[in-house]
Each structure stands twice: as structure tokens, then as C-alpha cells.
Amino acid sequence: MDKAYDAKKIDAKWYQFWEDGNFFQANASSDKPPYTIVMPPPNVTGVLHMGHALVNSLQDILIRWKRMSGYEALWLPGTDHAGIATQTVVERHLIATQNKRRKDYAREDFLKIVWEWKEKSESTILNQLKRLGSSCDWSRLRFTMDDGCNRAVRTVFKKLFDAGLIHRGDYLVNWDPITQTALADDEVEYEERESHLWYFKYHLVDGSDYIRIATTRPETMLGDTAIAVSPSDPRYSALIGKKVRLPILDREIPIIADHHVNPEFGTGAVKITPAHDPNDYRMGIEHELEMINILTPDGFINENGGPFVGLGREEAREAVVKQMKSLGLLDKIEPHTLRVGVSYRSKAVIEPYLSKQWFVKMSPFVKPLQEAVEGEKVKILPKSWESTYFHWVNNLRDWCISRQLWWGHRIPVWYRKDDPKQVICHDGEGIPEEVAQNPDAWEQDPDVLDTWFSSSLWPFSTLGWPDKTPDLEKFYPTNVLVTGHDIIFFWVARMVMMGDEIMGEAPFAETFLHGLIYGKSYWRENPEGGITYVTGDEKREYDLGKQPPKGVISKWEKLSKSKGNVIDPLEMIEEYGTDAVRMSLCACANQSPQIDLDRRRFEEFKNFANKVWNGARFVFMNLEDLTSEALSEGLDESLLSLEDRWILSALNRINLEINQNLENYQFDQAAMTAYDFFWKEFCAYYVEISKPILFGKVGTPAERQNKQKVLLIVLLNSIRLLHPMAPFITEELFQSLKERFPNLEIKQTDPYTKEAIEALLSPACVVAPYPKAIRPSDMLPEVEKQFATLEKIIYTVRNIRGEMKIPPQIATDVYLIGKGLEKQLNIIHALVKADKVEMVDKAPNQGFYATGIVEDFTVIVPLPKELAEKERERLEKELEKAAQNSERIQKLLSNPDFLEKAKPELIEKQKESLRQAKLSQQEIQKKLAQL
């Protein structure tokens with residue numbers, strides 16, 4: 001083995017080996033129980049980010065664990081066409097490079113460009129997933145717009161269409177004026193913004209009076225078709241049924257009564273714009289009001305806006321307010337906080353917009369969605385997310401599935417041009433036969449389906465549905481979906497819905513919703529206002545532990561390039577190694593909604609990888625004379641010492657705990673349990689205790705060989721325990737052990753040796769058996785408790801040495817007052833720098849010493865003779881300082897002037913200081929006497 005661990009060298013070595021060996025490929029004909037995960041498909045729009053690194057590390061840990069545990073494990077990979085996101089990225093690229101927009105191309109020409117982009121981008125992200133160590137079955141790679149998924153989408157669309165669950169009509173939708181498409185309710189994010197409430201006067205047509213209304217959107221008055229008041233509001237009862245004249249456009253509109261109006265908002269009278277407000281839209285339908293759209297698809301005032309045509313929304317707002325003021329119709333303006341909808345993709349302010357769209361009727365799915373989780377057909381983990389799921393389900397509205405894009409699954413519906421009510425919904429390849437016979441008479445719907453429509457079919461469309469394939473038979477339903485909690489509505493619930501509707505059963509048994517990654521942001525407040533984020537090398541220094549100076553503020557925030565807190569997983573892999581990055585992410589996945597990713601974690605697990613390497617290297621160096629034949633003969637259990645029985649007890653316990661951790665998605669606990677066992681129990685204690693026997697200082701040759709076997713068993717077990725989390729270094733060490741011990745035989749021997757040899761006969765660590773509790777009866781709580789006492793004693797000795805500033809190279813004597821550890825003194829001796837370790841009845845008469853209490857034991861560490869004189873000099877100086885302090889306080893307390901003027905509490909404080917100073921002198925004098 002190389003002396004130093006080289007992560008780059010080892011990371012580059014093993015992935016191709018695994019692929020060449022087909023270790024990731026699942027067999028649908030296997031008799032093994034299936035374990036299936038379908039990968040949340042990353043968008044083909046960019047590169048791997050830390051969220052991808054987290055979710056794919058967690059999935060890979062599960063799939064490697066189950067593969068090693070004897071399951072036919074399939075991790076099915078794929079990518080998502082990501083309609084809006086991909087089309088936007090490509091269009092921006094075309095604007096920047098060719099100064100052309102989408103509509104400068106024919107539809108097919110533009111789509112050809114997007115396909116080329118997809119191929120390049122997909123190749124990049126798949127290679128990055130491989131670099132992360134993702135053990136996917138690449139022979140089953142899917143894409144949400146490949147032929148199979150296209151067929152599945154068409155089939156489901158027609159099934160729902162024929163069942164009356166998909167319909168089309170004029171509806172008020174969430175409109176993104178930048179991408180110029182409708183969005184589902186779930187795709188709108190809300191934020192609070194400071195704005196105003198404008199009060200306008202609308203005169204009655206008969207000229208008798210006017211009514212005051214309050215609005216947050218003055219520009220939409222151009223589309224007003226009524227004024228609404230509460231039927232229970234006495235202020236307006238006489239006005240209901242009358243008409244007002246709409247200012248500027250001079251249109252007559254009625255005053256109506258509606259119970260939805262809140263009498264306490266504004267003046268209690270509100271303007272109704274059915275084409276641009278969801279509440280107004282519902283009133284408009286109920287009262288049969290005209291619906292006037294005043295906006296173009298890109299958010300400008302259209303021809304219905306009279307003199308304001310061509311203005312943007314903000315410009316139109318200012319112009320309308322200005323004109324109302326000039327007409328004497330602006331009553332007042334008040335500050336007001338608005339809840340503004342924003343597109344989750346483009347971040348544009350959403351406009352309620354009247355347009356013709358396709359919808360899935362959601363009311364029939366409410367009960368099945370409720371029963372799926374209530375009946376535990378699907379378990380949501382952590383369980384705390386169930387309330388969020390039910391809140392969404394219980395407030396479902398119809399799902400808008402059409403998007404005004406070119407990139408995506410085109411809606412498989414054709415309209416007859418001379419009679420658009422005649423439609424054909426087609427689930428076959430190409431175009432319907434009737435359209436082919438008379439193509440000029442028909443046209444296909446230009447819109448595409450919401451990306452989440454195809455994604456909702458992912459668990460079964462990727463396994464070959466609508467065909468009854470061997471993969472579908474073997475691997476559906478899948479076992480678990482691992483994803484971020486932010487898409488519980490977008491994706492998780494809709495997969496449950498479609499799985500139940502199409503397949504008759506839930507698509508996965510469990511879904512684990514991990515937290516979202518937050519990074520540390522640092523900023524300075526500017527004197528002129530605003531803040532400046534700290535980035536670059538300065539931020540890196542703070543991330544790695546340097547204390548920020550006064551004036552630099554820090555906070556955990558969502559990852560954002562503008563805030564400078566984005567951590568690039570590929571940069572971390574380059575700097576720290578893949579295994580360190582994976583284990584860091586695993587150790588952070590603690591089931592909370594927010595994961596604070598501290599850069600120091602990567603450093604910590606890089607050090608751990610070095611520890612694994614160095615610990616394994618030490619064991620290898622001390623196995624040189626252990627042959628395959630001798631190993632095959634197994635352990636001589638009669639020669640097992642206390643430390644051997646302790647480490648085997650701990651091994652059984654740790655194997656059990658980590659399997660339970662992974663079963664319960666406690667990734668952080670699995671990582672830290674494995675970390676602590678290898679670093680502390682194995683390396684810091686067992687290996688150190690073994691050194692005297694390995695080096696021939698004590699024991700017999702048979703005892704030494706037994707110790708070698710235990711070392712190998714524990715090392716090999718640890719390597720396999722760590723493999724799902726740190727696959728590269730563990731495969732390297734596993735293969736080195738295989739090479740070191742050829743021609744092994746499985747004999748009727750102890751279960752530890754038998755299990756180890758069975759593992760080494762595996763072709764690779766990736767398919768070697770995952771450790772379980774090998775012999776549960778060897779879990780010995782009393783032995784572990786005894787060892788815990790020894791650990792505390794060793795810690796106490798090391799602490800005392802530190803307090804007495806004894807250099808590491810100088811040995812001390814160690815005495816223990818107590819009973820029961822006479823046979824374990826050699827363990828303490830091996831782990832502390834000591835000339836001798838003895839049990840005694842009382843403290844020795846040996847000059848100065850320090851003591852500590854551990855349970856029923858008193859630990860005594862005398863100061864070595866060579867340090868006694870230095871300690872005497874130090875104590876004499878301390879005594880002189882203490883005497884001077886006592887004298888100073890005594891003088892102060894003897895001063896009548898001080899006693900007369902000082903407050904009583906200050907005098908008492910000085911008296912207490914004098915008492916403490918004298919006690920300190922006495923203690924120092926006592927120590928000097930001992931010396």
C-alpha cells in the first residue's frame with residue numbers, strides 16, 4: 001500500500017471496474033427479493049449541484065447496502081426534459097450567441113436545437129453522477145421524452161380524457177409573462193412586498209352620488225365589470241343594483257352584492273376584474289359578468305386598455321393613478337403589505353390571466369390520496385411531513401397541465417379547423433388515421449404538457465409500462481423514493497395519484513423527504529445602506545474556522561450565487577475526494593427540514609479517510625506472516641483476551657446499529673456510528689492495545705496469530721460497513737485484502753472467520769455481503785461496560801498529564817485505588833505513556849501527584865522526578881504572587897478611609913477575595929510540601 005492516501009488516484013480507479021463487471025445491473029429473472037429505487041431525474045439544464053449530490057449519495061448508500069444485503073437491487077437512472085427550465089436556458093443562449101428568440105425559428109428547427117442541447121447537457125450530468133460514485137443500472141437509462149415515456153404519457157392522457165378527468169376550457173390561470181405560459185398552483189411561490197392601497201371614486205350613472213373603492217392594483221380597473229359590496233353592509237344596501245360609470249373608459253358597470261366581500265377591507269366596496277383576479281373570477285361566473293382581458297401574453301396592456309395600450313403593468317399603474325388624480329377621483333393612498341405570487345422558474349410576478357387551458361379534474365383523487373397515507377400504503381418519512389401532505393390534498397384545485405411551450409410532450413389532441421369542437425385524442429404513434437387522410441382539415445393543439453405530468457408516471461413508465469414487461473413485474477412497486485421535501489406537492493403526491501389510478505397500487509412503499517441544504521452567508525452593512533456579501537478567499541477562511549471580524553454578520557441561508565454561499569460538489573470532490581464528500585453529506589442528513597452544510601465537515605471526513613487508510617495500512621504491515629492456510633483454520637476462541645471479546649462484542653453491536661440506522665433512514669447516525677467505531681474503538685483502542693503482542697513484546701506466537709486474525713476480521717468488517725458511504729477507498733482496501741489472501745477455504749470454524757472468508761471470496765466489495773450481527777450472543781454488555789470504565793480512566797490519566805503539562809515523550813507512573821481491574825492493567829499500560837500501572841490500597845508516599853475520580857476508582861498520577869524541580873519553581877512564583885495579592889487586599893481593608901467610603905457590598909467582596917487568596921496560598925504551600 002502507498003504510504004499516503006491519494007483520493008484522486010483511487011477515485012479514478014474503481015468506477016470503470018464496477019461497470020466492466022456489470023455489478024450495477026439488476027436481473028429481472030433473479031430469485032432474490034427486489035429492491036428498487038427510481039432516481040429523481042435531474043433536469044438536463046446544467047451541472048450537478050449540492051442538492052443533486054445529497055439526494056444521489058443517499059440513494060446510492062441505500063442501493064449499495066441492499067445490493068450487499070442479498071437483494072436484487074435496481075437503481076434506475078434517468079433525466080428530465082424540464083420543459084420551462086430547458087426552453088428558457090436554450091432561448092437565453094440563442095439570444096446571447098445569435099440574437100434570436102424561439103419565435104424566430106420554425107417549431108421543428110427550434111426543437112432540433114433543444115435536442116442537441118439536451119444530448120450535450122445530459123452527457124455532462126451523467127458523467128458527474130458517475131464521478132459521485134452512483135451505482136445506477138446505466139443499461140436502463142431513461143429520459144422523460146424518450147419513446148417509451150412518450151407512449152406512456154399519451155396512453156395515460158387518453159385514458160383520463162376518455163374518463164372525463166381531463167377537460168379544456170377558458171379559465172383564470174397563473175400566468176408567467178416572461179416564459180409566457182400557464183403555471184400550476186404549486187409552481188407559484190409567495191412573498192410579502194411593501195406596496196399601497198389606492199382609494200378611488202366611481203360616480204353613479206344617475207349623478208346622485210359616488211362610491212369609494214379600495215384596490216391594490218389600479219391598472220386592472222381597465223378590466224372592471226362590476227363593483228361588489230357585502231349584502232349585510234348597511235352602508236351600501238341602497239346602492240345594490242345601481243350602476244356606476246367606470247372612470248377613464250366611460251363604461252357602465254353594476255353594483256352587485258356578494259357574501260365573499262369583506263366589509264372591513266378598505267371601504268367595504270371592491271372593484272371586480274374577473275379576468276385578472278381569482279376571487280373576482282369566481283364572482284364573475286356566479287354573477288355572469290363580462291370578462292375583459294387587458295393584458296398581452298408578455299404582460300403589456302392590450303387594446304382593451306384604451307389610452308394605456310402598450311404600457312407595462314407598472315407603467316400602466318402609475319399612468320392610471322396619475323389620470324385618476326387629475327380627474328379628482330383619487331381619494332387617498334395608504335401603505336399596504338401585499339402577498340405577491342412569483343414564478344418558481346423565472347421569478348416573474350405572476351399575473352392571473354384568462355386563457356384556454358387543459359386541466360385534470362382533481363376532486364376524484366382526493367379520497368385515494370388521503371387513504372394512501374392514512375392506510376400506510378405509502379409511508380411519508382419523517383412522519384412530520386404528513387400534515388403538509390394532507391393540507392395540500394385537502395385543498396386541491398384542478399391541475400392545469402397545459403403549457404404554452406414548444407419543448408415537452410405535445411398534447412395529443414387534434415381539432416377540426418372548421419369546427420374546433422370536433423376533437424380527436426390519439427394515444428398511438430404519429431398522427432391519427434383520420435388526420436392523415438385529410439391533414440389540411442385538422443390541426444394539433446400547440447401546447448405541451450406540464451413537466452410534472454410525465455414525471456408523475458416515472459415509477460412505472462421507466463419499467464416498460466404500458467407493456468407488461470419482466471422489469472415491471474419484478475421491480476414495481478418500488479421500495480422508496482428519496483427526494484427533497486420541497487417537491488412533495490409537485491411530484492410525490494402526483495406519483496401516488498397516478499400509481500393508484502393507472503397501476504392500482506402505490507408507486508413506492510416509503511418516501512424519505514430530506515432537508516434542503518443551507519450555506520453560511522457573510523455580509524457587511526454598507527454605510528449608505530444595503531449590504532455587501534463576503535465572497536472568495538475571505539469567505540473560505542471564515543468557512544474553515546477563522547473568526548469573522550466585528551462588522552461581518554453571518555447567517556445560514558438557502559444556497560444562492562448572489563449570496564456567495566453556494567458550495568460546488570465537484571470542487572469539493574476535487575479538493576477532498578469523493579468519499580469525504582459523500583460521508584459529509586451522509587453525516588448531515590439528519591431528518592430536519594434544513595441541513596446546515598459546514599465546509600469543515602469535508603475537512604473532517606478527508607481526515608477520516610486518511611485514518612481509514614493509515615489504520616488499514618498498519619494492519620496490513622502486521623499481517624505479513626499470516627498465511628491463507630492459517631487464516632482458513634479460524635480463531636482459537638480459547639485464546640481470546642478481554643480486549644478481543646470487547647471488540648467482537650462492539651462489532652456485533654455496531655453491525656446491528658448501522659443496519660437499523662439505514663433501515664430507518666438515519667443516515668447521519670449511520671455515518672457517525674461507523675466513524676466513531678473505526679476511529680475510536682478500533683484504531684485508538686484495539687490497535688494500540690494489540691501492539692505489544694504484534695511486536696512480540698508479550699504473549700505467545702499462537703496469541704499473536706490469533707490477534708492478527710481478529711485485526712483482519714474487524715478491518716474487513718469495517719471496510720464493508722463503510723462501503724455504501726465511502727465506496728472508493730473501501731473497494732481499494734478490499735481488493736488489497738483479496739490479493740493478500742488468495743486460495744482461501746471455508747471450513748467449519750468460528751462464525752467470524754467463516755463470514756470474513758465468504759466476503760473475501762466475493763469478486764468485489766460492491767457485492768460482498770453486508771455485515772450483520774455475526775453472533776449476537778457475543779454482544780457482552782458487561783464487557784463493554786468494563787471497557788467503558790477503562791476508557792474513562794485512560795481519558796482521566798491523559799487529562800491529568802495535560803493539566804500538569806507533562807510532555808508526551810515523558811513516562812509517568814499510574815496508580816489506581818479500587819478493585820476489579822487487576823487483569824486489565826496491561827490495557828491501560830498500552831494506551832498511556834507510563835513506566836508502570838499498579839493497583840494500590842492507598843496513595844503512595846511519592847512527592848507531588850494529581851488525582852481523579854472514575855466511578856469507584858481513584859486515579860493517581862505522580863509528577864515525574866525530572867519535572868518536579870520545574871514544578872517547584874513554578875509553584876514558588878505562584879506563592880509569591882498569591883502572597884503579594886493577599887498583602888494588597890489586607891492593606892486595603894486596613895485603610896479607614898476605604899472602610900468609611902466604600903459600599904458594604906464592595907467591602908464584603910474584598911474580604912471574600914482575601915479569604916480566597918489565603919486559601920490559594922495554603923494550597924500552594926501544601927503542594928510544595930508534597931514536592
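Residues numbered from 1 in each chain as written. Predicted model: local features only at pLDDT ≥ 70, side-chain atom pairs only at ≥ 80, totals over all residues. Heavy atoms only, no water.

Asker: Would you mind going over empty space enclosed by the protein in detail, with residue names and values included?
Answerer: All told, the structure shown has 4 cavities of 30 Å³ or more when counted by the stated rule. Taken as a whole, the largest cavity holds about 100 Å³ of empty space. Ala-82, Gly-83, Ile-84, Asp-450 and Thr-451 are, among the 17 residues lining the largest cavity, the residues nearest its centre. Mapped onto the lining of the largest cavity, the elements with two or more residues apiece are α3 (83–98), β21 (448–449) and α11 (451–455). The element that contributes the greatest number of residues to the lining of the largest cavity is α3, accounting for 3 residues. The residue inventory of the lining of the largest cavity, partitioned by class, reads 9 nonpolar, 4 polar and 4 charged. Every residue lining the second largest cavity is listed: Asp-579, Ala-580, Met-583, Phe-605, Phe-608, Ala-609, Val-612, Leu-722, Ala-726 and Ile-729. Of all the elements in the fold, those that place two or more residues in the lining of the second largest cavity are α17 (578–588) and α18 (600–621). Looking at the lining of the second largest cavity element by element, the count peaks at 4 residues for α18. Here the residues of the lining of the second largest cavity are counted per class, giving 9 nonpolar, no polar and 1 charged. (1 Å grid on protein atoms, 1.4 Å probe; cavity = no way out; pocket = protein on both sides within 12 Å on 5 of 7 lines; lining within 4 Å. Points joined across faces, edges and corners; volume = space filled by probe spheres on them. Helix = DSSP H or I, 4+ residues; strand = E, 2+ residues; numbered from the N terminus. Nonpolar A, V, L, I, M, F, W, Y, C, P; charged D, E, K, R; others polar.)

Asker: Tell me about the nonpolar core, and name the residues and values.
Answerer: Counting 148 residues, the largest nonpolar core has Phe-667 and Phe-682 as the members making the most contacts within it. A per-element tally of this core places helix α21 (residues 667–694) first, with 14 residues. Ignoring anything within four residues of it in the chain, the contact list for Phe-682 reads Val-619, Ile-647, Phe-677, Val-687, Leu-711, Val-714 and Leu-715. Core analysis: the next-biggest nonpolar cluster, separate from the first, contains 62 residues, Tyr-389, Cys-425, Leu-463 and Val-492 among them. (Core = buried A, V, L, I, M, F, W, Y, C linked by side-chain atoms within 4.5 Å. Buried < 20%, exposed > 50% of the residue type's maximum accessible area, 1.4 Å probe, protein only. Contact = heavy atoms within 4.5 Å.)

Asker: Describe the pattern of salt bridges, listing the residues and the values that go with them.
Answerer: Considering all chains together, one arrives at 59 salt bridges under this definition. Among the salt bridges present, the one from Lys-118 reaches Glu-119, with a minimum N-O distance of 3.0 Å. For Glu-119, a relative accessible area of 42% gives the class partly exposed. Among the ionic pairs, Arg-142 bridges to Asp-146, the shortest N-O distance being 2.7 Å. For the pair shown, Arg-142 and Asp-146 are each scored as buried. A cluster of three or more residues bridged by salt bridges with shared partners is formed by Arg-217, Glu-219, Arg-313, Arg-317 and Glu-351. (Salt bridge = Lys/Arg side-chain N within 4 Å of Asp/Glu carboxyl O.)

Asker: Would you mind going over the packing of aromatic side chains in detail, with residue names and values included?
Answerer: To describe a pair of aromatic rings, you give the distance between the ring centres and the angle between the ring planes. Evaluation of the coordinates by the stated rule reveals 39 aromatic pairs. Where Tyr-576 meets Phe-602, the ring centres are 6.0 Å apart and the plane angle is 20°; that geometry is what we call stacked. Taken together, the positions of Tyr-576 in helix α16 (residues 569–576) and Phe-602 in helix α18 put the pair 26 residues apart, joining distant regions of the chain. The pair formed by Tyr-576 and Phe-602 is uniform in burial state, with each residue classed as buried. Taken together through their ring pairs, the aromatic side chains of Phe-605, Phe-608, Tyr-675, Phe-678, Trp-679 and Phe-682 make up a single cluster. In this structure, Lys-118 packs its charged tip against the face of Phe-143, placed 4.3 Å from the ring centre. Over the aromatic face of Tyr-199 sits the side chain of Lys-332, whose NZ or CZ is 4.7 Å from the ring centroid. (Phe/Tyr/Trp six-rings, centres within 6.5 Å; stacked < 30°, edge-to-face > 60°. Lys NZ or Arg CZ within 6 Å of the ring centre and 35° of its normal.)

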